[in-house]
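Residue strings, one per chain:
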Amino acid sequence: MSEYVAKLIIIGSGPAGYSAGIYAARAGLEPIIISGFEIGGQLTMTASVENFPGFIEPVSGTDLMEKMRTQALNFGVQIINDRVTEVDLSARPFVLSTENGNCCKTQSLIVATGASAKWLNIKTEKQYIGKGISTCATCDGFFYKNQPVAIVGGGNSAAIEALYLTRFAGKVYLIHRRDALRADSILQQRLLQNPKIEIVWNSVIEEFIGGQNITGIKIKNVLTDERKTLDISGVFLAIGHTPNTELFKKYLTLDDDGYILTKPKSTATNIEGVFAAGDVQDNAFRQAVIAVGSGAMAAIEAGRFLAAQDN
Ligand code: NDP
C-alpha cells in the first residue's frame, strides 16, 4: 500500500493512455499511468492490425500495445498495474483509490478508460475471440475477402459495418433478434438494396462452431424455435459498447449514452484539470489511431493547464 503524489495521472493503458503518457513524459510532467487489469485495452483482442500508420507489416494488437508500453517506459512513465476503484474530483489535488489499496493524489487527470464492446456471453464465444469473432469490422473486415461472414445487431453500427463488410466478403448475413432494425432508415434502405446482404430476422446465435477458427454458427429463430447452421468464416458483433465511465459519473458530464463530454476541439471536461481521451469520449470512430491522437491532445492540454497553475 503506497501513497503516490503526481502532477498528472492517466487512467487506462490503451492507445489513448500510452500516447498521453509518452507526450506527457517528454514534456516533463512525470506522469503516472494506472493501467487497469486489462493491460493494453481492447486492441489486445485484435489478432492483426494493418491500418496503423507506420507499420508496413501487419502487427498483432498485443504487440502494438506492448510497443507503446515499452516506448512509454523508455521515456520514464511510471506504470502501476492496478485498478482505480474510487475517485474524488471535488477539489485539487484529485484523489484516487485503487484495488490494491494505493492512494494517489494528482494535480491533473487524464481519463482514458475506453469503452468495452458488448459480448453475447454464450458458450464457445471466448474461444473464438480473435479467431473469427471480432467487434470491429473496420479493423478485421479486410481478412474475409470473398468469404461469408455474419454480423449481429440491428443498430447504426451493425448497419454501417454490414455495408462496409460487403466491400470484402462474398456474403454478409445480418442477424437480428427482432423483426425491425433500429438503424437510421437511409441505412436500412441501403442494407435491403445490397445484394450481398441477407437479413436473418428474429434470430439469435446459439453456438459458434469450428476448429482452430470459426467455420459456422448455429442460430435459432426466436419465434418458431427453428434452428439452422450457417457456414461463415467470421462473425462481427455490433451490439453496442459500454463506456467505462461508472467511476466518474458523479463528477463528469456524460452524454445520453454515458460517454464523457469534452469541449469542442479539446479533451477538457467540465472539471478544470480533468481531461478525457480515446474511446471513453468517442462514440463515433472508435479507432486506435484516433485514440492515440486524442491522448496526445490530452497530454498537451494537461501540460498547459499545469503551466498556468505554476504562474
Ligand atoms: P445500439 O445500442 O444502437 O444497437 C445495438 C443493437 O444490438 C440493437 O439492435 C440491439 O437489438 C442489438 N443487441 C443488443 N444486445 C444484443 C444481444 N445480447 N443479442 C443480440 N442483439 C443485441 O448500438 P450501436 O453501436 O449500433 O450504436 C450506439 C449509438 O451510436 C447509437 O446512438 C447510434 O445511433 C450511434 N451511432 C451512430 C453512427 C453514425 O454514423 N451516426 C454510427 C454508429 C453508431 P434491439 O434493437 O433489439 O435492442
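Everything below is about the structure shown above.
Report follows, based on the coordinates. Everything numeric here is computed off the predicted structure, so don't read it as measured data.

Focus on the overall build of the protein chain
Broken down by element type, the protein chain carries six helices and 17 strands. Since a compact globule built from 311 residues should have a radius of gyration of about 19 Å, the 21 Å found for the protein chain is in line with a globular shape. By its C-alpha atoms, the protein chain is 65 × 40 × 35 Å across when sized along the principal axes. Counting all 311 residues of the protein chain, 50% fall into the buried class.

Structural notes on the side chain of Ser203
Turning to its location among the elements, Ser203 is positioned in strand β12 (residues 203-210). In this structure Ser203 comes out as buried when scored by relative accessible area, which is 5%. With residues near it in sequence (within four places) discarded, Ser203 still touches Ile175, His176, Arg177, Lys220 and Asn221.

Things to note about helix α2 (residues 61-74)
Given a rise of 1.5 Å per residue, 14 residues ought to cover 20 Å, and the 20 Å separating the end C-alpha atoms of α2 matches this to within 8%. All of the buried residues along α2 are Gly61, Leu64, Met65, Met68, Arg69 and Ala72. Viewed along the axis of α2, the buried residues span an arc of 135°, placing them on a single side of the element.

Focus on a nonpolar patch on the surface
A grouping of Phe285, Val289 and Ile290 is seen on the molecular surface, where their side chains present a nonpolar patch of about 270 Å² in accessible area. Along the chain, Val289 turns up in helix α6 (residues 288-310). On the basis of relative accessible area, Val289 is assigned to the partly exposed category, the value being 39%.

Some words on the site of the ligand
Taken together, 16 residues lie near the ligand, and Gly154, Asn156, Ser157, Arg178 and Arg182 sit nearest. Measuring from an oxygen atom of the ligand, one finds a backbone N or O atom of Gly155 at 3.3 Å. One nitrogen or oxygen atom from the side chain of Asn156 is found 2.8 Å from an oxygen atom belonging to the ligand. Protein chains bury 68% of the 910 Å² of accessible surface belonging to the ligand in isolation. Its residues assigned to classes, the shell around the ligand shows four nonpolar, eight polar and four charged.

Overview of the sheet that holds strand β10 (residues 171-175)
Pairing between the strands of a sheet is mediated by backbone hydrogen bonds and can be parallel or antiparallel. Pairing is parallel across the open sheet formed by five strands, whose spatial order is β8-β15-β9-β10-β11. Two strands lie at the open edges of the sheet, namely β8 (133-134) and β11 (197-200), each paired on one side alone. In the sheet, β8 pairs with strand β15 (residues 234-237) via two bridges, with the strands oriented parallel. Looking at β15, one finds that Ile133 is bridged to Val235. The strands touched by helix α4 (residues 156-165) are β9 (148-152), β10, β11 and β15; relative to β9, the strand with the most contacts, the crossing angle is about 170°.

Looking at the pairing of strand β14 (residues 227-231)
For strand β13 (residues 214-221) and β14, the ladder comprises five bridges, and the chain directions are antiparallel. Residue Lys218 lies in a different strand from β14, and its bridge partner there is Thr229. A loop of five residues connects β13 with β14, the two strands running antiparallel in sequence, and Asp225 in this loop sits at a positive phi of about 65°.

Some thoughts on the packing of α4 against helix α5 (residues 185-193)
Between α4 and α5, whose axes approach to 10 Å, the crossing angle comes to 35°. At the point where α4 passes α5, the crossing takes the left-handed sense. Of α5, the residues touching α4 (which contributes Asn156, Ala159, Ile160, Ala162 and Leu163) are Leu187, Arg190 and Leu191. Each residue belonging to the contact of α4 with α5 can be placed in one class, and the counts come to six nonpolar, one polar and one charged.

Regarding the state of the cysteines
Chemically, a disulfide is nothing more than a covalent bond linking the sulfur atoms of two cysteines. This model, assessed by the stated rule, comprises one disulfide. One disulfide bridge connects Cys136 with Cys139, the sulfur atoms lying 2.1 Å from each other. An S-S torsion of about 75° defines the bridge between Cys136 and Cys139 as right-handed. Judged by relative accessible area, which is 12%, Cys136 ranks as buried. Its sulfur unpaired, Cys103 is 6.4 Å from the next cysteine sulfur, which belongs to Cys104. Classification of Cys103 by relative accessible area gives partly exposed; the value is 22%.

Notes on the packing of aromatic side chains
With the rule as written, the count across this model stands at six aromatic pairs. Summarising the aromatic geometry, the rings of Phe52 and Phe55 are spaced 6.0 Å apart at their centres and angled 70° between planes, so their arrangement reads as edge-to-face. What makes Phe52 buried here is its relative accessible area of 12%. Phe55 sits in the partly exposed class, given a relative accessible area of 25%.

Definitions and cut-offs
- Residues numbered from 1 in each chain as written.
- Predicted model: local features only at pLDDT ≥ 70, side-chain atom pairs only at ≥ 80, totals over all residues.
- Heavy atoms only, no water.
- Helix = DSSP H or I, 4+ residues; strand = E, 2+ residues; numbered from the N terminus.
- Rg over C-alpha atoms; globule rule 2.2 N^0.38 Å.
- Buried < 20%, exposed > 50% of the residue type's maximum accessible area, 1.4 Å probe, protein only.
- Contact = heavy atoms within 4.5 Å.
- Expected span 1.5 Å × (residues − 1).
- Arc of directions from axis to C-beta.
- Patch = residues over 30% accessible without salt bridge, like charges linked within 9 Å, V, L, I, M, F, W, Y side chains within 5 Å.
- Areas by Shrake-Rupley, 256 points an atom, 1.4 Å probe, with all protein chains shown as cover.
- Salt bridge = Lys/Arg side-chain N within 4 Å of Asp/Glu carboxyl O.
- Near = heavy atom within 4 Å.
- Polar contact = N/O pair within 3.5 Å; in protein donor to acceptor, adjacent residues only side chain to side chain.
- Nonpolar A, V, L, I, M, F, W, Y, C, P; charged D, E, K, R; others polar.
- Pairing = 2+ DSSP bridges.
- Axes fitted to C-alpha atoms, helices over the stretch in contact; angles between N-to-C directions.
- Left-handed = near helix turned anticlockwise from the far one by under 90°.
- Disulfide = S-S within 2.5 Å.
- Phe/Tyr/Trp six-rings, centres within 6.5 Å; stacked < 30°, edge-to-face > 60°.

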